[in-house]
Amino acid sequence: MDEIQLLQAKFDDLVDRSEKVGCACTRFLSPKELFYLQNHIRLQHPDINYLVDGGYPDAERKLIFVMSDYYEESYIDKEDYYKLVCIEGSGYHTNTHKDFLGALLGLGLQREMLGDICIENNSAYVFVLPKVCEFLQTKPCPLTTVGRDKVKISFVDLERAQGFRRSFEKVSASVASLRLDAVVCAITSLSREKSSSAIDLGLVTHNYEIPKKGMTQIKDGDVISIRGHGKFVINVTDLTTKKGKIKINRRFQRSGHTCYVARSHSSGQCRTDRPVG
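Nothing here was measured: the structure is a model prediction, and the numbers come from that model.

Q: Run through the sheet that holds strand E3 (residues 63–67), naming residues and quoting values.
A: Across the sheet, three strands lie side by side as E1-E3-E2; this open sheet has antiparallel pairing. Only two strands of the sheet have a single partner each, and these edge strands are strand E1 (23–25) and strand E2 (49–53). The average angle at which neighbouring strand axes cross in this sheet is 20°, direction not considered. Strand contacts of helix H1 (residues 3–21): E1 and E3, with the helix running at about 45° to E3, the strand carrying the most contacts.

Q: How would you summarise the side chain of Ser68 if you had to cite specific residues and measurements?
A: On the secondary structure map, Ser68 appears in the loop between E3 and strand E4 (83–89). The class of Ser68 is buried, set by a relative accessible area of 0%. Ser68 has contacts with Ser18, Glu19, Gly22 and Asn49, leaving out every residue within four places of it along the chain.

Q: For the environment of Leu136, give the residues involved together with the corresponding values.
A: Inspection of the secondary structure puts Leu136 in helix H4 (residues 130–136). Sequence separation between Leu136 and Ile153 is 17 residues, and the spatial gap between their C-alpha atoms is 7.8 Å. Excluding anything up to four places from it in sequence, Leu136 contacts Val85, Leu107, Cys141, Pro142, Leu143 and Phe155.

Q: Tell me about the packing of helix H5 (residues 180–188) against helix H6 (residues 192–200), residues and numbers included.
A: Interaxial distance between H5 and H6 falls to 9 Å at its minimum, and their mutual angle equals 115°. Relative to H6, H5 is oriented so that their crossing is right-handed. Contacts between H5 and H6 involve Leu180, Asp181, Ala182, Val184, Cys185 and Thr188 from the former and Arg192, Ser195, Ser196 and Ile199 from the latter. Of the residues assigned to the contact of H5 with H6, the class counts are five nonpolar, three polar and two charged.

Q: Which residues make up the environment of Leu143, and what are the values?
A: For Leu143, the location among the structural elements is in the loop between H4 and strand E7 (145–146). Residues Leu143 and Ile153 lie ten residues apart in sequence; the distance between their C-alpha atoms is 7.7 Å. With near-sequence residues (within four places) excluded, Leu143 lies in contact with Ile87, Ala103, Leu104, Leu107, Leu136, Val151 and Ile153.

Q: Give me the nonpolar core: which residues, what numbers.
A: Of all hydrophobic cores here, the largest spans 41 residues; its most connected members are Phe65, Ile87, Leu104, Ile117, Phe127 and Leu143. If you list the elements that add at least two residues to this core, you get E1, E3, E4, helix H3 (97–105), strand E5 (114–120), strand E6 (123–128) and H4. Considering every element that reaches this core, the biggest residue donor is E6, with five residues. With residues up to four places along the chain from it excluded, the contact list for Leu104 reads Ile87, Leu109, Leu114, Ile117, Val126 and Leu143. Counting 16 residues, the second largest nonpolar core, distinct from the first, contains Ala198, Ile226, Ile234 and Ile248.

Calculation criteria
- Residues numbered from 1 in each chain as written.
- Predicted model: local features only at pLDDT ≥ 70, side-chain atom pairs only at ≥ 80, totals over all residues.
- Heavy atoms only, no water.
- Pairing = 2+ DSSP bridges.
- Helix = DSSP H or I, 4+ residues; strand = E, 2+ residues; numbered from the N terminus.
- Axes fitted to C-alpha atoms, helices over the stretch in contact; angles between N-to-C directions.
- Contact = heavy atoms within 4.5 Å.
- Buried < 20%, exposed > 50% of the residue type's maximum accessible area, 1.4 Å probe, protein only.
- Left-handed = near helix turned anticlockwise from the far one by under 90°.
- Nonpolar A, V, L, I, M, F, W, Y, C, P; charged D, E, K, R; others polar.
- Core = buried A, V, L, I, M, F, W, Y, C linked by side-chain atoms within 4.5 Å.

Below you can see the structure in the form of structure tokens.
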């Protein structure tokens, strides 16, 4: 059983459990895991009652809540399933998403226990499973430094996260066809030959899988990752150029440089940061 099959099998067990307890929830899922599970739901569980949530509208890492037929979304108290932790820096050092993530994983925590890490000024707001919250509350506190900076831990109401946003670069392009190699060529400015070579070498993934050939057709909402260039969410429009080319939009996040923005309630200031991993 491969990684995806195991993920799907665990989800099937979760569906069965929800019928007994009313509501059951996954741990934090990566975009790839979420993509495969939503396809699995569509094919194997088309009638189940479920909710996808990551703490704020633009969240990347999310949980899936599975509810029985009688259970309503309004019954869910999300504080029972995840918390929001603030790791406040001293202000004397600047830490990145990589620094905060590394410090948390260095405590022995697994990535699936952590949701998005949103940066604001010298602090990070981290979505965590309740067991992580309990761990961070132990005495003495297990997390006192991030990088060279001394930090303080506090716990924040989830409402604080509603102002969080992720920033993307949105760019338009035109393609002769919606073949994968043509789209890769258009969004990277590589030649058609180099685009095809990148696909053949396994440097390109389409919807989190390595495509077998460049002739794969791209659809609206597809995700293309190109090593060294970044990850792109493709929006296929109904517009064409005078030469008959199809216009597409791409929502772009540079490889290892997804930007998170946490908006301050007090000052209106915001900061973007570039997380890795």
